[in-house]
Amino acid sequence: MIRQTTATVHLSAIAHNCRAIVDMLTRESTAAGRPAPGLLAVVKANAYGHGAVPVARTLEAAGASMLACADIEEGVELRRAGVGLPILVFGALSVSDLDGVIDYDLTPTVSTPSAARRLAALAERRGVTLPCHLKIDSGMNRLGFRHDNLGRTMPAVVGSPHLKIEAVYTHFATADVPESPFLDEQRRRFERALAALGALGVGRCGRHAANSAAMLRDARTWYDFVRPGLLLYGIVPPPLASSLPLRPALSLSSRIVAVKGVRRGEGSGYGLRWTTDEPRTIAIVPAGYADGLDTRLAGRGVVLVRGRRAPVVGAVSMDMLAIDVTDMTVDPGDEVVIIGRQGDDEITAREMAAAIGAIPWEVVCRLGARIERKFED
Ligand SMILES: *Cc1c(COP(=O)(O)O)cnc(C)c1O
């Protein structure tokens, strides 16, 4: 039994994207006479909605050197499924249930003084030295130790015999805002912080900073690892462009379940927000906001039916939406492509996001639990 609305995840596209990124990094680094950075592949949030375990296994086979999750629970899911790559946990660990870090061999981020204290106490209690990554806040003002205050904060972290800093990283706030000079400012702050850490006794360790957008924009942000998420799924962060030969990894499709005529002066859906002053034909598609489709698609989104574009009309409901198929010949059972290719046309997650004032990360991450993921090569 399978619902009409399903997401197909093309694991071969993820493997292809991973290799395309690794090849580009290798080529450009070799040309510049530098070692190529490793790929720290970001699979948080159920691999951006694509399915964490199959995606992680695919990336492992395709050449990623490390994976990254948002929290301990996501890392545990991967370990239980047998994923063997090192797994970095991005999130703040000041109030988490920490034992999973050791029980499942996860690499925690030390991003606040309280996380450092709790991780050191855990390691002492369990009789281990805990490898961890240290996060520097170079201006995003979210997580991490302030770049300009390390003399104060680092002695407690560096002084702990139970924490071993394997890598230092930062995160950029404006990598996808090309007109902002702040990317470069953060990069310089990070460099100064690295020098300061050396003086404070942090030994040689890995460095990483670049999300997808920074990786595309400036090779000076590559350091020892790059940390793309979105690009692995075949989506270029807007408004950037890229010559990488990426393939979208996810398509979302459904089927028409009803076709109906709407007469002059009538409307459709909650609030009758869509009305018509001429006879129209609409089709009902069993996918709604409970499946993660954004209510802003109403009047803005389009889907593909029989190779043509049909606009979403009326309010998006919990379990269904309506499309205008006037002048088309459609029947119940016809395929509806919400994201992906049909015939010669394609609707990408990036296009859908742009149509509704959202970002592509949001579009794919929000795909609901009710949507079955079919994994294909
Ligand atoms: C999500 C995330 C990334 C990946 O970002 P993309 O824009 O999807 O490439 C990298 N680093 C950190 C710390 C993140 O939280």
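Everything quoted here is computed from the prediction, not taken from an experiment. The residue numbers shown here count from 1 along each chain, following its written sequence. Only residues with pLDDT of at least 70 are given local features in this predicted model, and only at 80 or more are side-chain atom pairs given and counted; all residues enter the totals for whole chains, interfaces and linings. Think of the side-chain values as coming from all heavy atoms in the structure, minus any hydrogens and water.

## Considerations on the domain arrangement of the protein
For clarity, the threshold we go by: Residue ranges labeled as domains rest on an automatic or database domain assignment. Throughout, a residue-residue contact means that at least one pair of heavy atoms, one from each residue, lies within 4.5 Å. The buried area of a pairing is the accessible area, by a 1.4 Å probe, that goes missing from both parts when the two are put together, added over both. Only one rule defines a salt bridge in this text: a Lys or Arg side-chain nitrogen within 4 Å of an Asp or Glu carboxyl oxygen. Identification of polar contacts relies on pairs of N or O atoms within 3.5 Å, with a donor-acceptor requirement for protein atoms, meaning one able to donate a hydrogen and the other able to accept it, and with residues adjacent in sequence counted only if both atoms are side-chain atoms. Secondary structure is summarised from DSSP: a helix means a run of H or I of at least four residues, a strand means a run of E of at least two, and numbering begins at the N terminus for each. Think of it as three bins: nonpolar holds Ala, Val, Leu, Ile, Met, Phe, Trp, Tyr, Cys and Pro, charged holds Asp, Glu, Lys and Arg, and polar takes everything else, Gly as well.
Considered domain by domain, the protein is made up of domain 1 (11-233) and domain 2 (250-376). One C-alpha centre belongs to domain 1, the other to domain 2; they are set 37 Å apart. Of the residues lining the interface, 11 residues belong to domain 1; the matching set on domain 2 comes to eight residues. Summed over both partners, the interface of domain 1 with domain 2 comes to about 880 Å²; 68% of that surface belongs to carbon and sulfur atoms. The largest contributions to the domain 1 side of the interface with domain 2 come from Tyr48, His50 and Leu230, which together make up 51% of the buried area. Viewed at the interface, domain 2 and domain 1 are joined by zero salt bridges. Seen at the junction of domain 1 and domain 2, the total is two residue pairs in polar contact (both at pLDDT 80 or more). Contributions of two or more residues to the side of domain 1 that touches domain 2 are made by helix 1 (11-31) and helix 2 (44-48). Examining the composition of the side of domain 1 that touches domain 2, we find that three residues originate from one element, helix 2, more than from any other. Among the residues making up the side of domain 1 that touches domain 2, the classes are represented as five nonpolar, five polar and one charged.

## So, the nonpolar core
We count it as follows: Remark: nonpolar core denotes a set of buried residues (Ala, Val, Leu, Ile, Met, Phe, Trp, Tyr, Cys) joined through side-chain atoms within 4.5 Å. Think of it in three bands: residues with accessible area under 20% of the maximum for their type are buried, residues over 50% are exposed, and the middle band is partly exposed, with areas taken using a 1.4 Å probe on protein chains only.
Counting 118 residues, the largest nonpolar core has Leu59, Leu67, Leu78, Leu134, Met215 and Ile323 as the members making the most contacts within it. With eight residues, the top contributor of residues to this core is helix 1. When we break this core down by domain, the ones giving at least three residues each are domain 1 (11-233) and domain 2 (250-376). In contact with Leu59, other than residues within four places in its own chain, are Ile14, Cys18, Ala41, Val43, Ala64, Leu67 and Leu232. Val262, Trp274, Ile282 and Ile284 belong to the second largest nonpolar core, which has six residues in total.

## A look at the state of the cysteines
Selection criterion: Two cysteine sulfurs form a disulfide in these notes if their separation is within 2.5 Å.
Using the criterion set out here, one finds zero disulfides in the structure. Among the cysteines around Cys365, which has no disulfide bond, Cys69 carries the closest sulfur, lying 13 Å off. Owing to a relative accessible area of 32%, Cys365 belongs among the partly exposed residues under this scheme.

## Focus on the packing of aromatic side chains
Selection criterion: Two aromatic rings from Phe, Tyr or Trp, using only the six-membered ring of Trp, form a pair when their centres are within 6.5 Å; if the ring planes differ by under 30 degrees the pair is stacked, by over 60 it is edge-to-face, and anything between is tilted.
In total, this model carries three aromatic pairs according to the counting rule given. Between Tyr48 and Tyr233, the aromatic rings sit 4.7 Å apart at their centres with planes inclined by 25°, giving stacked as the arrangement. In this pair, Tyr48 sits in helix 2 while Tyr233 sits in the loop between strand 10 (225-226) and strand 11 (250-255), placing the two residues 185 residues apart along the sequence. Here Tyr48 matches Tyr233 in class, with each residue buried. Ring geometry for Phe90 and Tyr169: centres 6.1 Å apart, planes at 50°, overall tilted.

## Here's the deal with the environment of Ala45
Note that Ala45 resides in helix 2. Among the residues examined, Ala45 registers a relative accessible area of 30% and is labelled partly exposed. It is 29 Å that separates the C-alpha atoms of Ala45 and Ala322, two residues lying 277 residues apart in sequence. Not counting residues up to four positions away in its chain, the partners in contact with Ala45 are Glu74 and Cys365.

## Things to note about the environment of Arg146
Mapped onto the elements of the fold, Arg146 is located in strand 7 (residues 145-146). Taking the C-alpha atoms as reference points, Arg146 and Val259, 113 residues apart in sequence, are found 58 Å from one another. Those residues in contact with Arg146 that lie beyond four places of it in its chain are Asp137 and Asn141. Looking at Arg146, its side chain comes within polar contact range of the side chain of Asp148, at 2.8 Å.

## Looking at the site of the ligand
Heads up, the condition is: For this purpose, a residue is taken to be near a molecule or strand whenever a single non-hydrogen atom of the residue falls within 4 Å of it.
Close to the ligand lie Val42, Lys44, Tyr48, Phe90, His171, Asn211, Ser212, Arg227, Pro228, Gly229, Leu230 and Trp361. Take Gly229: an N or O atom from its main chain is 2.9 Å from an oxygen atom of the ligand. The contact in question runs from an oxygen atom of the ligand to an N or O atom on the side chain of Trp361, over 3.0 Å. By residue class, the composition of the shell around the ligand is six nonpolar, four polar and two charged.

## A word on the pattern of salt bridges
If you walk through the whole model with that rule in mind, you get 25 salt bridges. Its salt-bridge partner being Asp148, residue Arg146 comes within 2.8 Å of it at the nearest N-O pair. Take Arg146: its relative accessible area is 42%, and that puts it in the partly exposed class. On the basis of relative accessibility, which here comes to 47%, the residue Asp148 falls in the partly exposed class. Among the salt bridges present, the one from Glu191 reaches Arg187, with a minimum N-O distance of 3.9 Å. With a gap of four residues between them, Glu191 and Arg187 both fall in helix 8 (residues 182-199), about one helical turn apart. Given the relative accessible area of 36%, Glu191 is considered partly exposed. Three or more residues joined by partner-sharing salt bridges are found here, namely Asp184, Arg187, Arg188, Glu191, Asp218 and Arg220.

## Brief notes about the side chain of Arg187
You can call Arg187 buried: its relative accessible area is 8%. Within the structure, the side chain of Arg187 is placed 3.0 Å from the side chain of Asp184, a separation counted as a polar contact. The contacts of Arg187, once residues within four sequence positions are left out, are Phe172, Asp218, Arg220, Thr221 and Tyr223.

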